Amino acid sequence: GGATPGSTQSIAYLLRNDVLTNVEDMRAEVSYLIRELDKGGKIGQDGLELDDLSDMIKMAKDGMRKYLDVVPPNELEAARAKFRS
């Protein structure tokens, strides 16, 4: 049960899920890179590329900014105050 989410809330859910997906993808990519480095792999020219990881970081960061933009200002400030205390 419960109320049907409004369009702003639906957008917030989608943005949140996108951020979480990108964070999970980053975790998997970092694990892969660590395994490859442990096998003697190198980062850089003719080695492991960091472009995918960089793209995931950017998408997660951009998604989080968009998510925070839809949070009502009073709720955002209340959440930030909890982290400061």
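Residues numbered from 1 in each chain as written. Predicted model: local features only at pLDDT ≥ 70, side-chain atom pairs only at ≥ 80, totals over all residues. Heavy atoms only, no water.

*Asks:* Please set out the overall build of the protein chain residue by residue, giving values where relevant.
*Replies:* When helices and strands are counted, the protein chain shows three helices and zero strands. Helices and strands appear in the protein chain in the N-to-C order α-α-α. What you see for the protein chain is a C-alpha radius of gyration of 18 Å, clearly larger than the 12 Å of a compact globule of 85 residues, by over 25%. Across its three principal axes, the protein chain shows a C-alpha extent of roughly 55 × 35 × 20 Å. Within the span of the protein chain, comprising 85 residues, buried residues form 16% of the whole. (Helix = DSSP H or I, 4+ residues; strand = E, 2+ residues; numbered from the N terminus. Rg over C-alpha atoms; globule rule 2.2 N^0.38 Å. Buried < 20%, exposed > 50% of the residue type's maximum accessible area, 1.4 Å probe, protein only.)

*Asks:* So, the packing of helix H1 (residues 7-38) against helix H2 (residues 51-70): which residues are in play, and what are the values?
*Replies:* Look at H1 against H2: their axes get within 8 Å of each other, and the N-to-C directions meet at 155 degrees. Between H1 and H2, the interaxial angle falls into the category roughly antiparallel. As H1 packs across H2, the resulting crossing turns out to be left-handed. Per-class residue counts for the contact of H1 with H2 are 16 nonpolar, three polar and five charged. (Axes fitted to C-alpha atoms, helices over the stretch in contact; angles between N-to-C directions. Parallel < 35°, antiparallel > 145°, perpendicular 65-115°, else oblique. Left-handed = near helix turned anticlockwise from the far one by under 90°. Nonpolar A, V, L, I, M, F, W, Y, C, P; charged D, E, K, R; others polar.)

*Asks:* Tell me about the side chain of Glu29, and please be specific about residues and values.
*Replies:* Here Glu29 is to be found in helix H1. Notably, Glu29 is buried but unbridged: the nearest opposite-charge side chain belongs to Arg35, and the N-O separation is 8.2 Å. Ignoring anything within four residues of it in the chain, the contact list for Glu29 reads Asp52, Leu53 and Met56. (Lys, Arg positive; Asp, Glu negative; His and termini not counted. Salt bridge = Lys/Arg side-chain N within 4 Å of Asp/Glu carboxyl O. Contact = heavy atoms within 4.5 Å.)

*Asks:* Tell me about the confidence of the model for the protein chain, and please be specific about residues and values.
*Replies:* For the protein chain, mean pLDDT is 91; residues scoring 70 or higher make up 94% of the total. Per-element mean pLDDT across the protein chain ranges from 92 in helix H3 (residues 73-84) up to 95 in H2. (pLDDT = per-residue confidence, 0-100.)

*Asks:* I'd like to hear about a nonpolar patch on the surface, residue by residue, with values.
*Replies:* Where nonpolar side chains cluster on the molecular surface, the patch consists of Leu37, Ile43 and Leu50 and spans about 230 Å² of accessible area. Structurally, Leu37 can be placed in helix H1. (Patch = residues over 30% accessible without salt bridge, like charges linked within 9 Å, V, L, I, M, F, W, Y side chains within 5 Å. Areas by Shrake-Rupley, 256 points an atom, 1.4 Å probe, with all protein chains shown as cover.)

*Asks:* Kindly report on the pattern of salt bridges, identifying the contributing residues and their values.
*Replies:* Scanning the model with the defined rule gives four salt bridges in all. Ionic pairing is found between Glu36 and Lys39, a salt bridge with its closest N-O pair at 3.3 Å. When its relative accessible area of 64% is taken as the criterion, Lys39 is described as exposed. Across the pair Asp62 and Lys58 runs a salt bridge, and its minimum N-O distance is 2.6 Å. Here Lys58 and Asp62 lie together in helix H2, a separation of four residues that amounts to about one turn. Residue classification places Asp62 among the partly exposed residues on the basis of a relative accessible area of 23%.

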